[in-house]
Amino acid sequence: MWKREVFIKSQYQIIELFYDDETQHLRLDLNLCTQFHSLDEYRYHELAIHSGYILAEKEPKKILILGGGDGLAAREALKFAEKVFVVDIDPDMTNLAKTHPLMRAINKDAFNDERVKIYNKDAYFWVKECRKHKFDLIFADYPDPTSPVLEKLYSFEHYAEIARILKPDGIFIVQATGALMFPVMANIGAKLKKFFKWVIPLKVEVLAGVQGFWLATNMEKLGPKWERLSNIETRAFDKQFFLSATNWGKDMRELLKKGNAEESVYDVYVYTMCWIK
C-alpha cells in the first residue's frame, strides 16, 4: 500500500512522494499526476539519454537537461558525461532529489555528484540567455503542453535557441507526449524540422502507455555506435531496445508526418484530450 512520505506545496507545484513497503516501489506525483514510478522510469530515462549517447559523432561529454528535477536523467547522463547542467525551475523539487534518502537512492545521488551543476531557473529564459556554453547533448524533459504558459517550451523561438547552444554535431532529444497524444507529437516534430536536418521519432512502453520522443540533430551522417553500449550499465537499453524504439507501424509513421508547425501545440493537446474523453 502506498504511504505518502513527502508533501510539499512549492511556489510552482504540489510535490508528493509515495513509497510502498510491500513492493519497495517509489512514486513521485506532481500536481496529482504521476511524474515517475520506480517500476518503469528507467526505460524512459535510459532511452532519452542513451539514444543520444550512441548516435553522437563523438562521445558526449557536456550534457544539458532541461527539467529533470528528480535527478533521474542526470543519473543516466553521469554514466558517460564529464559535466551535466540541470535547469529546473523548482528549488523544492531539486532539493528533495538531492537530500531525501529515497530520492537519493533512486537517482544514485546524482545531484551530489561534483560533475552536476543545478540552476533553479525557467528553462526558456535560461536557454535564451545562455552565451558561455555549447552542449554535446540536450534533453528537454518538459511537462506536456497542458497550459498556454507551457507552450513557450515547444515554440519556434525556444527550439531556435536550443539549436544555437547545441554543438554542430550535437543531439537534441525532447519529451513529446505519449499515449493517444500523437497529433501533438506530430506538431512538435514539424517545428523541429525547421531547425534540424534529422528529426527521428522514438517511443518506449511504460505503465501509462507509449511515450514519445523526438531526436534531432544537424550531423551530416547518422548511425549508432554500438560499441559504446559496453561503456554503460543499463537495465533495458541495448541494441534491440533502441531498434524497437525507432520501429513505428506504417499508420503511425504517416500520422507523424502530418504535423503542422504553425499550429498551437497547446490547442492540439486540448482538442486531443477532448477527443479521447
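See the structure printed just above.
The rules behind the values
- Residues numbered from 1 in each chain as written.
- Predicted model: local features only at pLDDT ≥ 70, side-chain atom pairs only at ≥ 80, totals over all residues.
- Heavy atoms only, no water.
- Helix = DSSP H or I, 4+ residues; strand = E, 2+ residues; numbered from the N terminus.
- Expected span 1.5 Å × (residues − 1).
- Bend = angle between axes of the 7 residues up to and from the residue.
- Buried < 20%, exposed > 50% of the residue type's maximum accessible area, 1.4 Å probe, protein only.
- Arc of directions from axis to C-beta.
- Contact = heavy atoms within 4.5 Å.
- Pairing = 2+ DSSP bridges.
- Axes fitted to C-alpha atoms, helices over the stretch in contact; angles between N-to-C directions.
- Salt bridge = Lys/Arg side-chain N within 4 Å of Asp/Glu carboxyl O.
- Lys, Arg positive; Asp, Glu negative; His and termini not counted.
- Polar contact = N/O pair within 3.5 Å; in protein donor to acceptor, adjacent residues only side chain to side chain.

(A) Layout of helix α1 (residues 41-55). Here α1 contains 15 residues, and its C-alpha end-to-end distance of 22 Å stays within 8% of the 21 Å for a straight helix at 1.5 Å per residue. Along α1, the sharpest kink reaches roughly 30°, centred on Leu47. Most of α1 is tucked away, with 14 of its 15 residues classed as buried.

(B) Layout of helix α6 (residues 156-165). When α6 is considered as a whole, its buried residues turn out to be His158, Tyr159, Ile162 and Ile165. An end-on view of α6 places all buried positions within 125° of arc, on one side of the element. Elements in contact with the buried residues of α6: β5 (62-67), α5 (123-129), β8 (135-141), β9 (166-178) and α7 (182-192).

(C) The arrangement of the sheet that holds strand β6 (residues 83-87) in detail. The sheet built from seven strands is open, its strands ordered β7-β6-β5-β8-β9-β11-β10 with mixed pairing. Pairing within the sheet leaves two strands with one partner each, and these edge strands are β7 (116-119) and β10 (198-206). Neighbour-to-neighbour, the strand axes of the sheet open up by a mean angle of 15°, direction not taken into account. The pairing of β8 with β9 spans five bridges and is parallel. The residue bridging Ile138 from the neighbouring strand is Phe172, located in β9. Where α6 meets the sheet, its contacts fall on β5, β8 and β9, and the angle it forms with β9 comes to roughly 145°.

(D) Looking closely at the pattern of salt bridges. Scanning the entire structure with this criterion turns up 15 salt bridges. For the salt bridge of Arg104 with Asp109, the shortest nitrogen-to-oxygen distance reads 2.7 Å. Arg104 gets classed as partly exposed once you look at its relative accessible area, which sits at 34%. Notably, a salt bridge pairs Asp136 with Lys167, separated by 3.1 Å at the nearest N-O pair. Of this pair, Asp136 sits in strand β8 while Lys167 sits in strand β9, and the two are 31 residues apart along the sequence. With relative accessibility at 14%, the residue Asp136 sits in the buried group. Beyond isolated ion pairs, a larger network of salt bridges with shared partners links Glu41, Arg75, Glu76 and Lys79.

(E) Structural view of the side chain of Asp20. Take Asp20: it is sitting in strand β2 (residues 14-20). Nearest to the buried, unbridged Asp20 among oppositely charged side chains is Arg27, at 7.9 Å. There is a polar contact of 2.9 Å between the side chain of Asp20 and the backbone nitrogen of Glu22. Look past the residues within four positions of Asp20 in its chain and what remains in contact with it is Met1, Trp2 and His25.

(F) Structural context of the pairing of strand β1 (residues 2-9). Here seven bridges tie β1 to β2, and the two strands are oriented antiparallel to one another. Bridge assignment links Lys9 to a residue of β2, and that residue is Ile14. Taken together, β1 and the strand that follows it, β2, pair antiparallel across an intervening segment of four residues.

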